[in-house]
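# Descriptive structure summary
Single-letter residue listing:
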Amino acid sequence: METDFFCHEIETLSREKLENLQLQRLREIIASAIKTSFYNKRLAKVGIKSPEDIKSIADVRKIPFTTKDDLRQNFPTGLLAVDMSDIVRIHSSSGTTGIPTVIYFTKDDLNSWTELVARSIYATGARKGDIFQNMMSYGLFTGGLGLHYGAERIGMTVIPVGGGNTKRQLQLMKDFKTTVLHITPSYLLHIHESMESHGFNTSDLSLKKAFIGAEPHSENTRLKLEELYGIDAYNSYGLSELSGPGLAFECKYKAGMHVWEDAYILEVIDPETGKNVEDGQEGEIVLTNLIRKGNPMIRYRTRDLAYVLTDSCKCGRTHRRLSRILGRTDDMLIINGVNVFPSQIEEVVMRIPEVGTNYQIYVDKIGALDRLTVKVEIYSKMFTGEVKQLDALKKKIAEELRASITIHPLIELHEPGALPVFEGKAKRVVDVRPSF
Ligand code: AMP
Ligand code: ZN
């Protein structure tokens, strides 16, 4: 019999049973965490020496937060709870070759993650029989392989094309009558804009749904995409530190993203004080992974801002829902779905000898896509040289940046003194993308 649920029992557990399950799983995670050099010390400091020291779910709040800096400082294996030979997959955050945050999965971890992704996809109404074109990049980024295996688990027909090459994407959609896409919202908008120039139009396509995520977007963007393509678009949120997609996903009612609370403890905190806030109040999302044993992650500060919805969902799932992501508490930029920290750009630009002391990171939009321009001041003696020499320098800066941040920026060279000078804290990032 057709049902609306991939796993009815778990998805509709009463709050009481859900919390009991969370407690049991939290204890299991604590048992794993104690085996890591990082958490072993951390937990001992707050008096947690064994899983039995956790008496209730609220006890999680005794444990200090884990931050991205903790992950960097304990790179590469400080958070590993098992022998490396039991790890079957490694992932990493998008666009972070300069800043290692690495995530490990055992075979069981991959299996339980895949279940969550399958459950998420199923909640949107996608089923076996759907043709699924996965347009998120494959590789270290969790978005590609994560959705891939979840869709296969349901029995969907997967086209593992990855990102880019618009014409080919359209041809595949047409040839295989693709019904479901996984894609960043900006790329989906872009495809519509360039469709005609590639010789396609929407009547060539059989699309019904798109899973959109990896970057912030507004309700209006969703509505626009739905109208342009005649589809339903579902928001998907995840981050590699917490295993990527399958963390929070919209069901067919599209009214906020269910966080799978049997697999995650969801908290929202005031980013200034670190104190927990009530449901309905905006704050920073903090998550504990309850199912990834090889690489435990307890109270991870995501830096993403959102709030928990307080009403229940029409679908009958008891797992709480998150609002859209409303912003970030740090300076991380998301450029066409790729995370970029200004410090990574600075690090590259400043090691190039021809570059002077001032630079600016400028982000705007060309049509639907984000564009990154790095403006750098170079020493005036360079301007006496040939144009060819300047072009070569531009190319060199662009290539070195690409190697670090994985995206290709435009480079503008400026004479000394041409870029704004700051006496106080420099404002190096100018982001003129329309806010949503
Ligand atoms: P990564 O670790 O590379 O998967 O990047 C994760 C980050 O991407 C998150 O911390 C968010 O800032 C952002 N992100 C992912 N999904 C969404 C979404 N649906 N809406 C807004 N931002 C998102
Ligand atoms: Zn729902």
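The residue count restarts for each chain, going from 1 along the sequence in the order it is written. Chain labels run from A onward and ligand labels from 1 onward, assigned in the order the entries are written. Confidence filtering applies because this is a predicted model: local features only for residues at pLDDT of at least 70, side-chain atom pairs given and counted only at 80 or more, and all residues used for totals across whole chains, interfaces and linings. Each side-chain value is worked out from all heavy atoms of the structure, with water and hydrogens disregarded.

This brings us to the coordination of the zinc ion (ligand 2). Looking at the metal site, the zinc ion (ligand 2) is ligated by Cys251 (SG), His258 (NE2), Cys313 (SG) and Cys315 (SG), spaced 2.1 to 2.3 Å from it. The rule for donors is simple: N, O or S, within 2.8 Å of the metal, or within 3.2 Å if the metal is Na, K or Ca. Water isn't counted, so a site may look like it is missing partners. Sequence spacing of the donors to the zinc ion (ligand 2): C-x6-H-x54-C-x1-C. With His258 in strand 9 (residues 257-259) and Cys315 in the loop between strand 12 (300-306) and strand 13 (321-322), this pair connects stretches of sequence that are 57 residues apart. Across the pair, Cys315 and His258 agree in class, each one buried. Only DSSP runs of H or I reaching four residues or more are called helices, and only runs of E reaching two or more are called strands; each is numbered from the N terminus. Per-residue accessibility, obtained with a 1.4 Å probe over protein chains only, is compared with the maximum for each type, and a residue is labelled buried under 20%, exposed over 50%, and partly exposed between these values.

By the element assignment, Leu401 lies in helix 11 (residues 387-405). On the basis of relative accessibility, which here comes to 0%, the residue Leu401 falls in the buried class. Separated by 53 residues in sequence, Leu401 and Val348 place their C-alpha atoms 6.3 Å apart. In what follows, a contact means two residues having at least one pair of non-hydrogen atoms within 4.5 Å. Dropping the residues within four chain positions of it, Leu401 is found in contact with Ile345, Val348, Val349, Val374, Thr406, Ile407, Pro409 and Ile411.

The full set close to ligand 1 counts 20 residues, and Ser94, Asn235, Ser236, Ser240 and Asp304 are the nearest of them. One of the backbone nitrogen or oxygen atoms of Glu215 is found 3.3 Å away from a nitrogen atom of ligand 1. Whenever a nitrogen or oxygen atom comes within 3.5 Å of another N or O atom, the pair is scored as a polar contact, on the condition that within protein one atom can donate a hydrogen and the other can accept it, and that pairs from neighbouring residues in sequence are kept only if both atoms are in side chains. Ser236 is positioned with one of its backbone polar atoms (N or O) 2.7 Å from a nitrogen atom of ligand 1. Top contributing element to the shell around ligand 1 by residue count: strand 7 (residues 232-239), with 5 residues. Residue composition of the shell around ligand 1, grouped by class: 8 nonpolar, 8 polar and 4 charged. Note on terminology: near, applied to a residue and a molecule or strand, indicates that one of the residue's heavy atoms is within 4 Å of it. Note on residue categories: nonpolar means Ala, Val, Leu, Ile, Met, Phe, Trp, Tyr, Cys or Pro, charged means Asp, Glu, Lys or Arg, and polar means any other residue, Gly included.

A few words on helix 5 (residues 107-123). What a helix is expected to span follows from its residue count: subtract one and scale by 1.5 Å. With 17 residues, helix 5 should reach 24 Å at 1.5 Å per residue; the first-to-last C-alpha distance of 25 Å fits that figure. Counting buried residues in helix 5 gives 13 out of 17 residues, a clear majority hidden from the surface. Just beyond helix 5, the residue with positive phi is Gly125, at close to 100°.

Moving on to the nonpolar core. By nonpolar core is meant a set of buried Ala, Val, Leu, Ile, Met, Phe, Trp, Tyr and Cys residues that side-chain atoms within 4.5 Å join together. In terms of nonpolar packing, the biggest core is built from 58 residues, with Ile121, Phe211, Tyr237 and Leu247 touching the most fellow members. A per-element tally of this core places helix 5 first, with 7 residues. Ignoring sequence-local partners within four residues, the contact set of Tyr237 consists of Gly244, Leu247, Ala248, Met257, Ile285, Thr302, Asp304, Leu322 and Ile325. Val340, Ile361, Ala398 and Leu413 belong to the second-largest nonpolar core, a separate cluster that totals 26 residues.

The next thing to look at is the sheet that holds strand 17 (residues 355-366). In spatial order, the strands read 19-18-17-20; together these 4 strands make up an open sheet with mixed pairing. Where the open sheet ends on each side, the last strands, each with one partner, are strand 19 (410-414) and strand 20 (429-431). When strand polarity is set aside, the average angle formed by the axes of neighbouring strands in this sheet is 20°. When DSSP finds at least two bridges between two strands, those strands are taken to pair. In terms of strand pairing, strand 17 meets strand 20 through 3 bridges, oriented parallel. Within strand 20, the position partnered with Ile361 by the bridge is Val429. Simply put, an axis is a line fit to the C-alpha atoms, just over the touching stretch for a helix, and the angle between two N-to-C directions goes from 0 to 180 degrees. Helix-sheet contacts for helix 11 involve strand 17, strand 18 (369-378) and strand 19, and the interaxial angle to strand 19 is about 135°.

A few words on the sheet that holds strand 12. The 4 strands lie next to each other as 10-11-12-14, forming an open sheet whose pairing is antiparallel. The open sheet has two edge strands, strand 10 (264-269) and strand 14 (327-328), and neither has a second partner. With 4 bridges joining them, strand 11 (residues 283-289) and strand 12 adopt antiparallel strand pairing. Bridge pairing in strand 12 places Glu284 opposite Leu305.

Right, let's talk about unusual backbone geometry for a bit. A cis geometry characterises the amide bond from Phe75 onward to Pro76, with omega recorded as 0°. By the element assignment, Pro76 lies in the loop between helix 4 (68-73) and strand 1 (87-92).

The next point concerns the packing of helix 8 (residues 185-195) against helix 9 (residues 219-229). Running from N to C, helix 8 and helix 9 cross one another at 35°; their axes reach a closest spacing of 10 Å. Handedness of the crossing formed by helix 8 with helix 9: left-handed. Counting all contacts with helix 8, which are made through Pro185, Leu188, Leu189, Ile191, His192 and Met195, the residues of helix 9 involved are Thr221, Lys224, Leu225, Leu228 and Tyr229. A clockwise turn of the near helix away from the far one marks a right-handed crossing, whereas an anticlockwise turn of less than a right angle marks a left-handed crossing.

Residue placement: Pro420 occurs in the loop between strand 19 and strand 20. Separated by 410 residues in sequence, Pro420 and Ile10 place their C-alpha atoms 56 Å apart. Apart from the residues lying within four places of it in its own chain, the contact partners of Pro420 are Asn358 and Gln360.

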